[in-house]
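Fold and contact review
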Amino acid sequence: MPELPEVETIVRGLRAPLIGHTFSGVRVEWERMTQPSARELRARLPGQRVEAIHRRGKYLVMQLSGKDNLIIHLKMTGDLEVLPADAPGHQHDRVVFDLENGNQLRFRDPRKFGRVYLTDDPAWILDRLGPEPLDDDFTEGEFLALFDRRSGRIKPLLLNQEFIVGLGNIYADEALFLAGVRPERKADTLLEAEKRGLYRAIRQVLQLAIDQKGTSLADETYRGGQYQRQFKVYDRREEPCPKCGSPIQRIRLGQRSAHFCPNCQR
DNA sequence: CTAAAATCCTGGTGGC
DNA sequence: TGCCACCAGGATTTTA
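It should be emphasised that the depicted structure is a prediction, and the values quoted were computed from it without experimental measurement.

Each value, and the rule that gives it
Residues numbered from 1 in each chain as written. Chains lettered and ligands numbered in written order. Predicted model: local features only at pLDDT ≥ 70, side-chain atom pairs only at ≥ 80, totals over all residues. Heavy atoms only, no water. Phe/Tyr/Trp six-rings, centres within 6.5 Å; stacked < 30°, edge-to-face > 60°. Helix = DSSP H or I, 4+ residues; strand = E, 2+ residues; numbered from the N terminus. Buried < 20%, exposed > 50% of the residue type's maximum accessible area, 1.4 Å probe, protein only. Near = heavy atom within 4 Å. Polar contact = N/O pair within 3.5 Å; in protein donor to acceptor, adjacent residues only side chain to side chain. Nonpolar A, V, L, I, M, F, W, Y, C, P; charged D, E, K, R; others polar. Domains from an automatic or database assignment. Contact = heavy atoms within 4.5 Å. Buried area = accessible area lost by both parts, 1.4 Å probe. Salt bridge = Lys/Arg side-chain N within 4 Å of Asp/Glu carboxyl O. Pairing = 2+ DSSP bridges. Axes fitted to C-alpha atoms, helices over the stretch in contact; angles between N-to-C directions.

Description of the packing of aromatic side chains
Under the criterion given, the structure shown has 11 aromatic pairs. Considering the side-chain rings of Phe-138 and Tyr-199, the 5.8 Å spacing of their centres and the 45 degrees angle between planes classify their relative orientation as tilted. Residue Phe-138 is located in the loop between α3 (123–126) and α4 (140–145), and its partner Tyr-199 is located in helix α7 (residues 192–211); the two are separated by 61 residues in the primary sequence. Since its relative accessible area comes to 3%, Phe-138 is described here as buried. Ring geometry for Phe-147 versus Phe-163: centroids 5.4 Å apart, planes at 90 degrees, classification edge-to-face. Taken together, the residues span a long stretch of sequence, with Phe-147 in the loop between α4 and α5 (154–159) and Phe-163 in the loop between α5 and α6 (169–179) at a distance of 16 residues. Each member of the pair Phe-147 and Phe-163 is classed as buried.

Pasting the structure below:
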């Protein structure tokens, strides 16, 4: 599942092949994945050049020369790659963008959860998002302030992109392990020292994962990252905790799995 | 306002 | 071997 480190890795890889190049067409294989419609994409996208590519949370944002923004969310199983137009296609290619230089940007997504937006006003998509955990100016004090009037359990809260962006099920579990906090703890019961530890843990886990070019899982399209080798708790049910040897537990929390060490996390 | 459940999707898996 | 129920989860929508 592409989370912040995977999207960041993909963004960095797309800059060289895309920036300065111009879209010449688009083919949509699954209508529900684009907004606006495929018809409108075909009318508006051709002729627009990619001027910059950024990441905001788990969204990939391409600034285009025609004042539009092409915004893509990979959700669970999406992946993007640039290939020559005559390279063999893939069964799960859902949206294929033609470029004037003879290449294609291909959005592959077996589960069809991904989304493609074209808009001249990205605010309606991006404005609700919480702070970027790795920004230099995202301070410990700002993180502490996020807990105002928050009473739900900490794990679902970390997954809420309006609270803070970038964490998905993997890195939320890993950050909570590093901070020594149980996923089912109520947010308003965390001590200030625990919140400070969680702030550091989130930034450490995400930065290390970016350094490893993200995580590659067997049932997902995204490949190349190595962070799965660093998992301390995620997908390690009944395996020994790397700190104390206790069996890692897996529970369900907010319709998601949560992994933790019952001894090291309180 | 916040919290939590339901929803969208398909490929892989385990049980029989 | 085939069939089928079930599981994985990011973000939006619905419900409380």
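Digging into the protein's contact with DNA strand B
Inspection of the region around DNA strand B gives Arg-32, Gln-91, His-92, Pro-110, Arg-111, Lys-112, Phe-113, Arg-149, Arg-150, Ser-151, Gly-152 and Gln-255 as its neighbouring residues. By atom count, sugar and phosphate contribute 64% of the portion of DNA strand B lying within 4 Å of the protein. Within the side chain of Lys-112, one N or O atom sits 2.4 Å away from a phosphate oxygen of DNA strand B. Within the side chain of Gln-255, a nitrogen or oxygen atom sits 3.0 Å from a base nitrogen of DNA strand B. Of the residues assigned to the surface near DNA strand B, the class counts are 2 nonpolar, 5 polar and 5 charged.

Description of the domain arrangement of chain A
Splitting chain A by domain gives domain 1 (4–126) and domain 2 (140–260). In this complex, domain 1 contributes 16 residues to the contact, which on the side of domain 2 involves 16 residues. Both sides together, the interface formed by domain 1 and domain 2 hides about 1300 Å², and carbon and sulfur atoms give 64% of it. Linking domain 1 to domain 2 there are 0 salt bridges. For the pair domain 1 and domain 2, the number of links is 4 residue pairs in polar contact (both at pLDDT 80 or more). The biggest single contributor to the side of domain 1 that touches domain 2 is helix α1 (residues 4–18), with 7 residues. Here the side of domain 1 that touches domain 2 is built from residues that sort into 5 nonpolar, 3 polar and 8 charged.

Re the sheet that holds strand β9 (residues 115–119)
Taken together, 5 strands build an open sheet; the order of strands is β2-β9-β5-β4-β3 and the sheet is mixed. Looking at which strands have only one partner, the edges of the open sheet turn out to be β2 (34–35) and β3 (50–56). The pairing of β3 with strand β4 (residues 59–64) spans 6 bridges and is classified as antiparallel. Within β4, the position partnered with Val-50 by the bridge is Leu-64. On the sheet, α1 packs against β3 and β4 and is oriented at approximately 175 degrees with respect to β3.

Thoughts on the protein's contact with DNA strand C
Around DNA strand C, the structure places 16 residues, and the nearest of them are His-73, Phe-113, Arg-250, Arg-252 and Arg-256. Among the atoms of DNA strand C lying within 4 Å of the protein, the sugar-phosphate backbone contributes 60%. In the environment of DNA strand C, a phosphate oxygen lies 3.2 Å from a nitrogen or oxygen atom belonging to the side chain of Gln-161. Between DNA strand C and Tyr-234, the relevant distance is 3.3 Å, taken from a phosphate oxygen to a side-chain nitrogen or oxygen of the residue. Among the secondary structure elements, those contributing two or more residues to the surface near DNA strand C are β10 (249–253) and β11 (256–260). Residue composition of the surface near DNA strand C, by class: 5 nonpolar, 5 polar and 6 charged.

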